[in-house]
Amino acid sequence: LDGSQAPLLGGPPREAGWSRCREGPVCASGLSGSMWCHRLAHLFSSTQCLLNRSSGHQISWQPRYRKSLPAVSRWHHMAPASLNCAWQLHGDHLELRYAETLMRFDYVWLRDHCRSASCYNSKTNQRSLDTASVDLCIKPKTVRVDETTLFLTWPDGHVTRYGLEWLVKNSYEGQKQQVMHPRIFWNAEIYQQAQVPSVDCQNFLETKEGLKEFLQNFLLYGIAFVENVPPTKEDTEILAERISLIRETIYGRMWYFTSDFSRGDTAYTKLALDRHTDTTYFQEPCGIQVFHCLKHEGTGGRTLLVDGFYAAEQVLQRAPEEFELLTKVPLKHEYIENVVGCPNHMIGVGPILNIYPWNNELYLIRYNNYDRAVINTVPYDVVHRWYAAHRTLTTELRRPENELWVKLKPGKALFVDNWRILHGRESFTGYRQLCGCYLTRDDMLNTARFLGLQA
Ligand SMILES: C[N+](C)(C)CCCC[C@H](N)C(=O)O
Ligand SMILES: O=C(O)CCC(=O)C(=O)O
Ligand SMILES: [Fe+2]
């Protein structure tokens, strides 16, 4: 579809430089759950989708990319032997073909990312260039490419060099093909068949390998266990601090709870809790939750775990327009507590599903039907469609085959990715004591990257 053609659909006027796309999001089917999640990134074809309320259709806006390459004569090949690299200058961008990737670079972008000593401090890995000083109409005076490098000379004589490999890795086109976080989406069977090992406490605390193995599993599955932990709050704290920083909240730093109803929340009772993520009422929900059951004399109380991304992906495959709605409609979650000494009122706003807009990869699910606030951010006709989409997601989340049930025991600590995995619990009898904490997500990812993991 070329931008010069007339729009295929009626509706809002065409924006300059963007063309209407005929298809909506692509629906994929028949993919097995044990595959890596790269799929998700490619399923939604639209760069930007607007919800057209009057027609009930979705309209996708896509950048105006030419289907066929321009006349060969306009391409500059550096040498007959290196046909894998070619480039041409356009009015406002440089087009570069390298390593089978067709890339388009805005000239301001190319000037802004210059890695020369005067533009970039490689000791601190920080930009020195004042981007605001770059003429927004800048264009290179000369361009040259050799086997490995692109050379640009700017009107003021400044020279910028880019490694071609660096450009592939850092271009929009290169990034779009990558996932930020490699994961394995799971249902109960997939998780059980993977036979993910628990890490031994000593191994976890004292060896780099133990820690790395734990984090790799945690990143892939969103849950991980440490075994042979001394059943105390203090030992649990030491464990938590090995991977991240403890996030202090209205529940304290390390928390410790029984069914004494000491706080105004169902967690502090013996009642069952349906699957949910915690702290949906924070603008940034807690990244990780650690659970360690220190004591249980009684029956029931098993923990339920469900992979929210696996369920969301089923929604994407079955009903892509509902998936999209769940990523677009912002909602509030709220925590109101009137317990003496704990007067709290927290509000967090955001959609149920959060995806990176450039590759449509899921990064956060906020799902807690107990704590969802009054919906007053959505007009009535959208709200009805939102309820249908929420129902579809709930149906997926509640499929028995997606439920992983575990009984937490003293000595076995569970780490849960609270941005991905839902937890719940069975009702119980008797005395049950649970301790744990929330952790920041950035600092866990920091630890993982330091160990050489993609996070
Ligand atoms: C974990 N801890 C017992 C301290 C707090 C529980 C918070 C429960 C709240 N409804 C939520 O889902 O966020
Ligand atoms: O009691 C449990 O097992 C978990 C309760 C809960 O959902 C929580 O503390 O966040
Ligand atoms: Fe919870």
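As the structure is a prediction and not an experimental result, all values here were calculated from the model.

Procedures and definitions
Once a new chain begins, its residue numbering starts again from 1 and follows that chain's sequence as written. Each chain takes a letter, starting from A, and each ligand takes a number, starting from 1, following the order in which they are written. Predicted model: local features are reported for residues with pLDDT of at least 70 only, side-chain atom pairs are reported and counted for 80 or more only, and whole-chain, interface and lining totals are derived from all residues. Side-chain calculation: all heavy atoms of the structure are included, whereas hydrogens and water are not. The pairing criterion for strands is at least two bridges between them, as found by DSSP. Helix and strand definitions here come from DSSP, where helices need a minimum of 4 consecutive H or I residues and strands a minimum of 2 consecutive E residues; each element is numbered from the N-terminal end. Between the N-to-C directions of two axes lies an angle of 0 to 180 degrees, each axis being a line fitted to C-alpha atoms and, for a helix, fitted only over the stretch in contact. Contacts between residues were defined by any pair of non-hydrogen atoms, one from each residue, lying within 4.5 Å. Working definition: with a 1.4 Å probe on protein chains only, accessible area under 20% of the residue-type maximum means buried, over 50% means exposed, and in between means partly exposed. Expected helix span is taken as 1.5 Å per residue step, with the number of steps being one fewer than the number of residues. This arc describes the spread of directions from the helix axis toward the C-beta atoms. In this text, near means that some heavy atom of the residue lies within 4 Å of the molecule or strand in question. Under this definition, polar contacts are N or O atom pairs within 3.5 Å; protein pairs additionally need one hydrogen-donor-capable and one acceptor-capable atom, and for neighbouring residues in sequence, both atoms have to be side-chain atoms. In these tables, accessible area is a Shrake-Rupley quantity obtained with a 1.4 Å probe, and a residue counts as shielded only by the protein chains included in the view. Residues were grouped as follows: Ala, Val, Leu, Ile, Met, Phe, Trp, Tyr, Cys and Pro as nonpolar; Asp, Glu, Lys and Arg as charged; and all remaining residues, including Gly, as polar. Ligating atoms shown are N, O and S within 2.8 Å of the metal, or 3.2 Å for Na, K and Ca, and water is not included, meaning a site may look less than complete. Segmentation into domains, and thus their bounds, comes from an automatic or database assignment. UniProt positions are given in the numbering used here, feature names are shortened, and annotations may be inferred rather than shown by experiment. Salt-bridge detection follows one rule: a side-chain nitrogen of Lys or Arg within 4 Å of a carboxyl oxygen of Asp or Glu.

Undergrad: Run through the sheet that holds strand β23 (residues 404-406), naming residues and quoting values.
TA: Reading across the sheet, the four strands line up as β16-β25-β18-β23 and stay open at both edges, with antiparallel pairing between neighbours. Of all strands in the sheet, those with a lone pairing partner are β16 (273-276) and β23, marking the two edges. Sheet twist, expressed as the average angle between the axes of neighbouring strands with direction ignored, equals 20°. Across the sheet, helix α9 (residues 308-318) touches β18 (303-307) and β25 (421-425), and the angle it forms with β18 is around 45°.

Undergrad: Give me the lowdown on unusual backbone geometry, citing residues and values where you can.
TA: Although it is not a glycine, glutamine 195 sits at a positive phi angle of roughly 50°. Inspection of the secondary structure assignment puts glutamine 195 in the loop between α5 (188-194) and β13 (199-200). Judged by relative accessible area, glutamine 195 falls into the exposed class, the value being 64%. Even without a glycine there, the phi angle at asparagine 228 is positive, about 65°. Inspection of the secondary structure assignment puts asparagine 228 in the loop between β14 (223-227) and α8 (233-243).

Undergrad: Which residues make up the pairing of strand β7 (residues 101-106), and what values go with them?
TA: One face of the sheet, then the other: side chains in a regular strand alternate in exactly this way. Every second residue of β7 is oriented toward a common face, the buried set being Thr101, Met103 and Phe105 and the non-buried set Leu102, Arg104 and Asp106. Of the pairings in the sheet, the one linking strand β6 (residues 93-98) to β7 comprises six bridges and is antiparallel in character. Each residue of the ladder has a partner; that of glutamate 95, found in β7, is arginine 104. The loop that links β6 with its antiparallel partner β7 comprises two residues; one of these, alanine 99, has a positive phi angle of about 50°.

Undergrad: Can you tell me about helix α11 (residues 380-398), naming the residues and giving the values?
TA: For α11, spanning 19 residues, the distance from its first C-alpha to its last is 26 Å, which sits close to the expected 27 Å at 1.5 Å a residue. Buried within α11 we find Val382, Val383, Trp386, Ala389, His390, Leu393, Thr394, Glu396 and Leu397. Down the axis of α11, the buried side of the element spans an arc of 155°, and every buried residue falls inside it. Across α11 from its buried face, at more than 90 degrees, point the exposed residues Tyr380, His384 and Arg391.

Undergrad: How would you explain the site of ligand 1 if you had to name every residue and give the values?
TA: Not every one of the 15 residues close to ligand 1 is listed here, only the nearest: Asp265, Thr279, Tyr281, Asn368 and Asp371. A distance of 2.6 Å is found between an oxygen atom of ligand 1 and a side-chain nitrogen or oxygen belonging to tyrosine 281. Taking aspartate 371, its side chain carries an N or O atom lying 2.9 Å from a nitrogen atom of ligand 1. The fraction of the free accessible surface of ligand 1 (380 Å²) that becomes covered by protein chains is 96%. Across the shell around ligand 1, the residue classes break down as seven nonpolar, five polar and three charged.

Undergrad: Explain the coordination of the iron ion (ligand 3) to me, using residue names and the numbers behind them.
TA: Taken together, the protein donors to the iron ion (ligand 3) comprise His276 (NE2), Asp278 (OD) and His423 (NE2), at separations of 2.1 Å. Along the chain, the residues donating to the iron ion (ligand 3) are arranged with the sequence spacing H-x1-D-x144-H. Of the two residues, histidine 276 is situated in strand β16 and histidine 423 in strand β25; the sequence distance between them amounts to 147 residues. The residues histidine 276 and histidine 423 share a single accessibility class, namely buried.

Undergrad: Talk me through the domain arrangement of the chain; I want residue IDs and the actual numbers.
TA: Structurally, the chain comprises domain 1 (72-176) and domain 2 (188-450). The straight-line distance from the C-alpha centre of domain 1 to that of domain 2 is 43 Å.

Undergrad: Let's hear about the sheet that holds β6: which residues, and what values?
TA: The four strands lie next to each other as β4-β5-β6-β7, forming an open sheet whose pairing is antiparallel. Lying at the two open borders of the sheet, with one neighbouring strand each, are β4 (76-77) and β7.

Undergrad: Tell me about the UniProt feature "domain: Gamma-butyrobetaine hydroxylase-like N-terminal" (unreviewed entry) in the chain, and please be specific about residues and values.
TA: Annotation from UniProt places "domain: Gamma-butyrobetaine hydroxylase-like N-terminal" (unreviewed entry) at residues 91-167. Across residues 91-167 one finds 13% helix and 39% strand; the C-alpha atoms that close the span lie 20 Å apart.

Undergrad: Account for the pattern of salt bridges, naming residues and giving values.
TA: Per the counting criterion, the structure on display carries 16 salt bridges. Between arginine 104 and glutamate 95 there is a salt bridge whose closest N-O contact spans 3.5 Å. Two residues, arginine 275 and aspartate 274, come together in a salt bridge whose shortest N-O distance is 2.8 Å. Look at arginine 275 and you get buried, because its relative accessible area is 9%. What makes aspartate 274 partly exposed here is its relative accessible area of 22%. Taken together, the shared-partner salt bridges in this structure form one network comprising Asp274, Arg275, Arg398 and Glu403.

Undergrad: Give a description of the side chain of histidine 390 that names residues and reports values.
TA: As for its position among the elements, histidine 390 is in helix α11. Here histidine 390 falls in the buried class, since its relative accessible area comes to 10%.

Undergrad: Describe helix α7 (residues 208-221), with residues and values.
TA: An ideal rise of 1.5 Å per residue puts 20 Å on 14 residues; α7 measures up with 20 Å between its terminal C-alpha atoms. Turning to α7, its buried residues are Gly210, Leu211, Phe214, Leu215, Asn217, Phe218, Leu219, Leu220 and Tyr221. Downstream of α7 by one or two residues, glycine 222 has phi in the positive range, about 80°.

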